[in-house]
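# Fold and geometry: a report
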Amino acid sequence: MAVTATPGSGGPSVDARLDQETTRWLRWDKNPLTWESVKRLLEEDNKEELQKCFGARMEFGTAGLRAMMGAGISRMNDLTIIQTTQGLCRYLEKQFSDLKQRGVVISFDARAHTASGGSSRRFARLAATAFISQGIPVYLFSDITPTPFVPYTVSHLKLCAGIMITASHNPKQDNGYKVYWDNGAQIISPHDKGIAQAIEENLEPWPQAWEDSIINDSPLLHDPSASINKDYFEDLKKYCFHRHVNRETQVKFVHTSVHGVAHHFVQSAFKAFDFAPPVAVPEQKDPDPEFPTVTHPNPEEGEKALALSFALADKTKAKIILANDPDADRLAVAEKQDSGDWKVFSGNELGALLGWWLFTCWKEKNQDPSALKDTYMLSSTVSSRILQAIALKEGFHFEETLTGFKWMGNRAKQLMEQGKNVLFAFEEAIGYMCCPFVLDKDGVSAAVISAELASFLATKNLSLSQQLNAIYVEYGYHVTKGTYFICHDQGNVKKLFENLRNYDGKNNYPKTCGRFEISGIRDLTTGYDDSQPDKKAVLPTKESSQMITFTFANGGVATIRTSGTEPKIKYYSELCAPPGNSDPEQLKKELNELFSAIKEHFLQPEKYNMKPKEG
């Protein structure tokens, strides 16, 4: 059945709700590319594709939005950006009586999508238009920035909120909308629910919503690029502890931006620390939304994403590779080993090194033991417990939070408001907060601080790998292993977790996994924790995301959880041993056996139709 759709017309024989959504879309959308694509789907009566585009609105959660770019309410596009920003604007007006004095900051990465005409830059301009049309000042960066520059600007200029248009390391067709609160940390509940409700109440574009030219000469538009660039790197200099070592180091560094935003900012960070600039991977240093040299633009994927870096480092005799993800909030590090092989450090291993380094540098400046009682480090509950082991021995405080920097950032802010000193926070997904002037992961500061650590160790004839081993010898070996499975069927995901909750009959969690005895279970979906006297979990719970942690009698810990931003089931495991009491090879063997047992008995990828991580 073919129809001719015009703005304001109904669709063909699609169900009533789809009909209503597409009718509104054609009335409101002024982007010719997305409007035409919806019109064409209606003419073709392509119900399957219409269902994908209009079946459900993108869910606004604590990570904001993240979805494919394209037409429809389930995708990132001009209209959904306008609707989202209108909702956020109305919510902020209710929360802040001084919103029109303080304003918001907006920035963007280099993503673009030719087919729908969407790009991070355009989305940022449309978001700025919504605020400025309501008389609210906007600090809009004139060019791409790393994600951490947005929370930095919120804190530095005392703004009400920040928006970063980015999909970080997601596939090239995706984009996202990340929101920071006035405390400089990512939003957490109840703001996500409040914003989501306000979006639903403000779907019709405001009169000037599409007229982004209104911002060009507006006195409410400010470009913070120059001042924030200057102030960020001035603040970063305070974390340079061995300037003389940096000036003279013989260690050579290769840096890759993986076609993202990091290049100029990491060069500036090296300059701030008095380093010679790192050698940039030429094919990857300039932003390119097609990410032509990598299958996945994610340095967490390890060797596949770093192939060009290895080749350049071998050619230039560089020993260390620093790799940022496309929005420069994450960092991967690799080191040339004596064997000639490259070791890519896991997020947990680099977390151990950076935590040890920042504590060592802090301790040199703070000889008074009483300062320890107000000093903290944080990591997420799925990350290695190595910081906890260091804290126990050295006398500072360690806290774990839920997964994600939104939790660590908000907790760090609370502690700082109580006069505490937060030295470091990290999560295993290669995210590090080395400088608490950014309450989020920051790949720019982490890159240059890692370079200073490597340079300092070189003066002692030590490699990063040797120092990591020394940390394990002193504080106890912490061996970790993690992976993920891809599962697009939410029904199967639910079945997998319900099976774990009803393993030996209703409401009975498993007592063993193969030969491994389970000594404790915490379920942060339901709030159950059998290690607590009242059986209630201490960490916050969330019914809409799945997460179960098993503790084993052999000292192992394993967590299975769903990802908040991708169709993945993530799986983490760790085995810890006290200092001086372990054979690392035996620990690794034991962990591998445990890892395999969980896959076989609990995850059962064949049963639940899950694909393993590639490679």
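Owing to the predicted nature of the structure, the values given are computational and were not obtained by experimental measurement.

When its secondary structure is counted, the protein chain shows 19 helices and 25 strands. Against the globule reference of 25 Å for 615 residues, the protein chain gives a C-alpha radius of gyration of 25 Å, in line with a compact fold. With the principal axes as the frame, the protein chain shows a C-alpha extent of 75 × 60 × 50 Å. Out of the 615 residues in the protein chain, the part that is buried amounts to 59%. Looking at the protein chain alone, contacts between residues at least 24 apart form 69% of all its contacts between residues at least 6 apart. Separation between the mean location of the 69 positive side-chain charges and that of the 77 negative ones in the protein chain comes to 1 Å.

Under the definition given, this model contains 37 salt bridges. For the salt bridge of Lys 172 with Glu 290, the shortest nitrogen-to-oxygen distance reads 2.9 Å. Here the residue Lys 172 occupies a position in the loop between β6 (161–165) and β7 (174–180), and Glu 290 occupies one in the loop between β10 (279–280) and α12 (307–316), the gap between them amounting to 118 residues. Among the residues examined, Glu 290 registers a relative accessible area of 41% and is labelled partly exposed. One salt bridge in this structure joins Asp 374 and Lys 420, with 3.1 Å as the shortest N-O distance. Remark: Lys 420 occurs in the loop between α15 (405–417) and β16 (421–427) and Asp 374 occurs in the loop between α13 (347–365) and β14 (375–380); sequence separation between them is 46 residues. Take Asp 374: its relative accessible area is 24%, and that puts it in the partly exposed class.

Looking now at the packing of aromatic side chains. To describe a pair of aromatic rings, one takes the distance between the centres and the angle between the planes. Evaluation of the coordinates by the stated rule reveals 26 aromatic pairs. The interplanar angle of 50° and the centroid separation of 6.0 Å between the aromatic rings of Tyr 91 and Trp 181 together place this pair among those described as tilted. One end of the pair, Tyr 91, is in helix α4 (residues 78–95); the other, Trp 181, is in the loop between β7 and α8 (191–200), with 90 residues separating them in the sequence. Over the aromatic face of Tyr 475 sits the side chain of Lys 393, whose NZ or CZ is 5.6 Å from the ring centroid. The cationic tip of Lys 568 hangs over the ring face of Tyr 484; the distance from NZ or CZ to the ring centre is 3.9 Å.

With that settled, consider the pairing of β6. Burial within β6 is extensive, with five of its five residues counted as buried. Side chains of β6 alternate between two faces, with Ala 161, Ile 163 and Ile 165 and Gly 162 and Met 164 buried alike. Bridge analysis of strand β2 (residues 104–108) against β6 gives five bridges, and the strand direction is parallel. When the bridges of β6 are listed, Phe 108 appears paired with Ile 165. Note that β6 and β7 share four bridges and pair antiparallel. When the bridges of β7 are listed, Ile 165 appears paired with Tyr 177.

This part is about the sheet that holds strand β17 (residues 431–433). Hydrogen bonds between backbone atoms are what pair the strands of a sheet, whose relative direction is either parallel or antiparallel. Taken in spatial order, the four strands make up an open sheet running β15-β14-β16-β17, and their pairing is mixed. Where the open sheet ends on each side, the last strands, each with one partner, are β15 (397–401) and β17. Going across the sheet, the axis of each strand differs from the next one's by a mean of 15°, ignoring polarity. Alignment of β14 against β15, held across five bridges, turns out to be parallel. When the bridges of β15 are listed, Ser 380 appears paired with Thr 401.

Right, let's get into unusual backbone geometry. Cis geometry is found at the peptide bond from Ser 189 to Pro 190, where omega equals 10°. Summarising the element assignment, Pro 190 is placed in the loop between β7 and α8. At Asp 274, a residue that is not glycine, the phi angle is positive and equals roughly 65°. Mapped onto the elements of the fold, Asp 274 is located in the loop between α11 (263–272) and β10.

The next subject is the UniProt feature "domain: Alpha-D-phosphohexomutase alpha/beta/alpha" (unreviewed entry) in the protein chain. As recorded in UniProt, the feature "domain: Alpha-D-phosphohexomutase alpha/beta/alpha" (unreviewed entry) lies at residues 58–203, 231–336 and 347–474. As annotated, residues 58–203 has a helix share of 38% and a strand share of 19%, and its two end C-alpha atoms lie 13 Å apart. Spanning residues 347–474, this segment combines 54% helix with 16% strand, and its end C-alpha atoms are found 20 Å apart.

Further remarks concern the side chain of Asn 410. Here Asn 410 shows up in helix α15. Judged by its relative accessible area of 12%, Asn 410 falls in the buried class. A distance of 2.8 Å separates a polar atom in the side chain of Asn 410 from a polar atom in the side chain of Asn 183. A distance of 2.7 Å separates the side chain of Asn 410 from the backbone oxygen of Lys 406, its partner in a polar contact.

Along its sequence, the protein chain is carved into domain 1 (19–230), domain 2 (231–347) and domain 3 (477–612). On the domain 2 side, the residues contacting the 22 residues of domain 1 number 19 residues. In total, about 2,000 Å² of surface goes out of reach between domain 1 and domain 2, with carbon and sulfur atoms giving 59% of it. Considering only the side of domain 1, the residues that lose the most area to domain 2 are His 169, Lys 172 and Lys 230, jointly responsible for 28% of the buried surface there. Applying the counting rule to domain 1 against domain 2 returns three salt bridges. Linking domain 1 to domain 2 there are 16 residue pairs in polar contact (both at pLDDT 80 or more). Ranked by residue count, the leading element in the side of domain 1 that touches domain 2 is helix α9 (residues 225–237), at four residues.

Turning our attention to the packing of α9 against helix α16 (residues 443–459). Helix packing for two helices is described by the angle between their axes and how far apart those axes are. One can describe the packing of α9 onto α16 by two numbers: an axis separation of 12 Å at closest approach and a directional angle of 35°. α9 and α16 meet at a crossing whose hand is right-handed. Mapping the contact onto sequence places Tyr 232, Phe 233 and Leu 236 in α9 and Val 444, Ser 445 and Val 448 in α16. For the contact of α9 with α16, a count of residues per class yields five nonpolar, one polar and no charged.

Next up on the list: the packing of α11 against α16. Following both chains from N to C, one finds α11 and α16 inclined at 40°, their axes separated by 9 Å at the closest point. In terms of orientation, α11 and α16 fall into the oblique class. Taken as a pair, α11 and α16 cross one another with a handedness that is right-handed. Where α11 approaches α16, its residues Phe 265, Val 266, Ala 269 and Phe 270 are matched on the opposing element by Val 444, Ala 447, Val 448 and Ala 451. A per-class count over the contact of α11 with α16 returns eight nonpolar, no polar and no charged.

Counting all residues, the mean pLDDT for the protein chain is 94, and 97% of those residues have values of 70 or more. Scored below 50 in pLDDT, residues 1–14 shows 39 contacts in the model against residues more than four places distant or in partner chains.

Parameters at a glance
Residues numbered from 1 in each chain as written. Predicted model: local features only at pLDDT ≥ 70, side-chain atom pairs only at ≥ 80, totals over all residues. Heavy atoms only, no water. Helix = DSSP H or I, 4+ residues; strand = E, 2+ residues; numbered from the N terminus. Rg over C-alpha atoms; globule rule 2.2 N^0.38 Å. Buried < 20%, exposed > 50% of the residue type's maximum accessible area, 1.4 Å probe, protein only. Contact = heavy atoms within 4.5 Å. Lys, Arg positive; Asp, Glu negative; His and termini not counted. Charge placed at Lys NZ, Arg CZ, Asp CG, Glu CD. Salt bridge = Lys/Arg side-chain N within 4 Å of Asp/Glu carboxyl O. Phe/Tyr/Trp six-rings, centres within 6.5 Å; stacked < 30°, edge-to-face > 60°. Lys NZ or Arg CZ within 6 Å of the ring centre and 35° of its normal. Pairing = 2+ DSSP bridges. Axes fitted to C-alpha atoms, helices over the stretch in contact; angles between N-to-C directions. UniProt positions renumbered as here; feature names shortened; annotations may be inferred. Polar contact = N/O pair within 3.5 Å; in protein donor to acceptor, adjacent residues only side chain to side chain. Domains from an automatic or database assignment. Buried area = accessible area lost by both parts, 1.4 Å probe. Left-handed = near helix turned anticlockwise from the far one by under 90°. Nonpolar A, V, L, I, M, F, W, Y, C, P; charged D, E, K, R; others polar. Parallel < 35°, antiparallel > 145°, perpendicular 65-115°, else oblique. pLDDT = per-residue confidence, 0-100.

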